[in-house]
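# Tertiary structure, described
What follows is the residue order along each chain.
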Amino acid sequence: MSRRWLVGLIALLLVVSLYPAGASGQGGVKLTFWSWRVEDKWAYDRMIRVFQQKNPGITVEFVPFKQTEYNTILSSALTAGKGPDIIHLRAYGGLETFTAPGFIAALDFETVPELKTFSRTILEGARGRKDGKIYGVPFASQTLVLYYNKKIFAQHNLAVPKTWDEFLGLMKTLKDKGVLPLANGGKDGWTLEVLSGVIAPNFYGGTAFFDAVTRGQTSFKDPTYTGALARLLELRPYMHPNFMGVDYATMQQLFISEQAAMFIGGSWEIGFFRAQNRNLDFDIFAAPPLRAGQTPWVSSFNDGNYGINAKTPSMEAALKFIRFTATREFGQMFTDLLAQNSAVPGVVIKDPVLKRVQELNRKATPYIMLVGFRWQAPTGSTLLQSALQAMMAGTKTPEQVGEEVTRGLSVWFDPFRGR
Amino acid sequence: MSGSTPSAGGRPRQYLGTRTGRRLWLVFFLAPATVLFAVFITYPILSALAFSVYGWEGIGRRGFIGLHNFVRLFATYPYSGLLVNAFWHNVVVFVVTMLLQNVVALGLALLLARGPWGTRGYRVIFFLPVTLSLIIVGFLWALFLNPIFGIVNKLLISAGLSALARPWLGDPQTALLTLTLINAWRWLGFPTIVFLAGINAVPDEYVEAARIDGASEWAVTRHVIFPLLAPAVTIIVLLTFIGSFNWFELPYVVQGVSGGPNRSTDVLSLFFYRMAFGEVDTGLQDIGIGSAIAVLMFILLVTVSAVAAVFLRRREVELA
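Residues numbered from 1 in each chain as written. Chains lettered and ligands numbered in written order. Predicted model: local features only at pLDDT ≥ 70, side-chain atom pairs only at ≥ 80, totals over all residues.

Let us look at the overall build of chain B. Across its full length, chain B carries 15 helices and two strands. On C-alpha atoms alone, chain B measures out to a radius of gyration of 26 Å, which is more than a quarter above the 20 Å that the 2.2 N^0.38 rule sets for 320 residues. In terms of overall dimensions, chain B has C-alpha extents of about 70 × 60 × 45 Å along its principal axes. Within the span of chain B, comprising 320 residues, buried residues form 33% of the whole. (Helix = DSSP H or I, 4+ residues; strand = E, 2+ residues; numbered from the N terminus. Rg over C-alpha atoms; globule rule 2.2 N^0.38 Å. Buried ≥ 20, exposed ≤ 12 C-beta atoms within 10 Å, placed from the backbone.)

What follows covers the domain arrangement of chain A. Residue and element names in this part refer to chain A. Its domain assignment divides chain A into domain 1 (24-140 + 302-357) and domain 2 (142-300 + 363-416). Taken together, the contact between domain 1 and domain 2 spans 17 residues of the former and 15 residues of the latter. Looking at the side of domain 1 that touches domain 2, the elements with two or more residues in it are α4 (92-99) and α16 (352-360). In the side of domain 1 that touches domain 2, the residues fall into seven nonpolar, five polar and five charged. (Domains from an automatic or database assignment. Contact = placed C-beta atoms within 7 Å. Nonpolar A, V, L, I, M, F, W, Y, C, P; charged D, E, K, R; others polar.)

The next thing to look at is the nonpolar core. Of all hydrophobic cores here, the largest spans 122 residues; its most connected members are A:Leu31, A:Val145, A:Leu146, A:Tyr147, A:Val198, A:Ala260 and A:Met262. When residues of this core are sorted by domain, at least three fall in each of domain 1 (24-140 + 302-357) and domain 2 (142-300 + 363-416) of chain A. Those residues in contact with A:Tyr147 that lie beyond four places of it in its chain are A:Phe255, A:Met262, A:Phe263, A:Gly265, A:Glu269, A:Phe282 and A:Ile284. By size, the runner-up hydrophobic cluster in this structure holds 37 residues, among which are B:Trp141, B:Leu250, B:Phe271 and B:Ile293. (Core = buried A, V, L, I, M, F, W, Y, C linked by C-beta atoms within 7 Å.)

All names here are of chain B. Here helix α9 (residues 189-200) contains twelve residues, and its C-alpha end-to-end distance of 16 Å stays within 8% of the 16 Å for a straight helix at 1.5 Å per residue. Most of α9 is tucked away: nine of the twelve residues are buried. Packed against the buried residues of α9 are α4 (79-113), α5 (119-131), α8 (175-187), α11 (217-228) and α12 (230-245). (Expected span 1.5 Å × (residues − 1).)

Let us look at the interface of chain A and chain B. On the side of chain B, 34 residues touch chain A, which itself brings 41 residues to the contact. When residues of the side of chain A that touches chain B are traced back to their parent elements, those giving at least two are α3 (67-79), α4, α8 (189-199), α18 (380-393) and α19 (398-409) of chain A. Top contributing element to the side of chain A that touches chain B by residue count: α18(A), with eight residues. Here the residues of the side of chain A that touches chain B sort into twelve nonpolar, 24 polar and five charged.

Here we take up the environment of B:Val130. Relative to the helices and strands, B:Val130 is located in helix α5. Residue class for B:Val130 comes out partly exposed when judged on the 15 C-beta atoms lying within 10 Å of it.

Let us now look at the domain arrangement of chain B. Residues and elements named next belong to chain B. Entries for chain B in the domain assignment read domain 1 (5-51) and domain 2 (70-315). Centre-to-centre separation of domain 1 and domain 2, based on C-alpha positions: 36 Å. Listed per partner, the contact involves four residues of domain 1 and five residues of domain 2. Tallied by class, residues from the side of domain 1 that touches domain 2 come to four nonpolar, no polar and no charged.

Next up, the structure:
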């Protein structure tokens, strides 16, 4: 009798302990979520808590890695058949690295209906180039802009310039008064690519040129493009005399410590600038066009996506989480907490600077190399960054830059072959 | 207890005296190092060799393609140009390091060997940077050479030499030389100590005999000390060669993975790293080409080191 009781008790305990995982099918699932956003962990933890309250039985653990090591860690895990359930992925070519070998689960409008409302341009950054399928939910869009210090502008009675010539004149005034007009430097090649992303579109004609060059109807040797690059040289007198040695961190410091009046960079800086100097009174504007009255172009791009590991054992729960990241609720939290432009449509922006970014985005053109030419090595960005350093240092002409980039891309971009 | 110890210990000693026993002990002591070497050196080299003959799509391995990666590396733009550019920079680093670092080290060693006042102190001072981590050295010098906040340009300007103040690490014309000099500053103490030990090992009788024969200071150095210093020179030349062609940490820490500005500080290992692992955010990886570079570097280092070792050894003079 007592033995039967004991057996019964053990059986009952077993059933009870197995219940959450076995019986309900979706309860008791634990998802891991890998990311490179170490500094945003607090925000993700808060957003995940909201998800967990709505989806009892699913827990999500956010595990960030150092940005510079993330790709290597993720690559090794995925090739070994492991890795997290939810994956923070880059966009465009950086996404293709993982989708082409089949590591990421494809999504569509049926599995994630929320995606239907996303802008097509943003969704382009979530598609595989090979098959055109969507592999993730875009999380943010970034825009390239000009930051300016409002206090310095007011001290010298300066207003936001409306034309390119006004812009050059304004910088001359600042320089004559002993203020460093531009914080930008050339030691980190990618900051020069950003510089070209801000200045050049107005001169090469924005999306029309982008479409033509990505379709192979023209190349980067096109005088429209090299002429636009030549405009960057007009900025050199207004950068620090030793700007070629100025790296990204120094650029940021110059603007944050109010030693430079302007900073050409991306919308991702807003939160950082605020955090570093609460008294910094800054705003943004788009690079001024050649003639007054023209609406300026801004370069923008999909910053990255949330995707699902094709080999996850908890596909159902992972899909639930992925759908959550595509809701307006998530987008709103994302924007409010991180001061970034969520990719989810309909999010209300409270930050005044970010609001202006949204306004400028009405005439946005794809950030040319990132969106169009990062699909295979050597990427357009790698080629352009290095060549721009030579151009800014005075050892190459804009025409040589265009020639070098076109020739390098012809390795994998067939339309450029023989051009 | 104490009485039984000798007999108890006697048996294994006897056993160990046999050949098999000795071999077992050798295997026992060599095994850990061999296993570590196999896992962390041999296996990666062999897998790089294997990777270099496969096609790659992102991080996914595709079919066998023979030597195609090598053909791409040598014959296609921009890889061929980048390879030559990086290799040439390694050569420059080797030559400049030999000329500046090692010649200065030899001079310092000769001075220190005479035992001037404070010899011990100087020895410590010269050797101190060698003990610093390369990461720290790179970070410190990047700060010193910062064109705006850095101390180097500030000193130049306050000394009235503002014409000389420049973006040392940002100018394609000065960046590589600046990096090589930082490297020499960091390593100077090492060849100095090796040369000093070599000079101190020269028996006093030789020097005295030469002096009695009326040899000048220079003649003693040239005809007595230099020939006997050859083994130290062999070691330093080989280490400088390997160090220059494997050069990675300092350019990586100071200039980043792209070997900027405009590839002016690109060296083979940076080029390899970029191809195998990609440039952060902006460049995609091409594991096939990356592995091909690794294989080339390995072949280059092994062959040249072996040939140089044989060649340099031949010139060494044995102490009678």
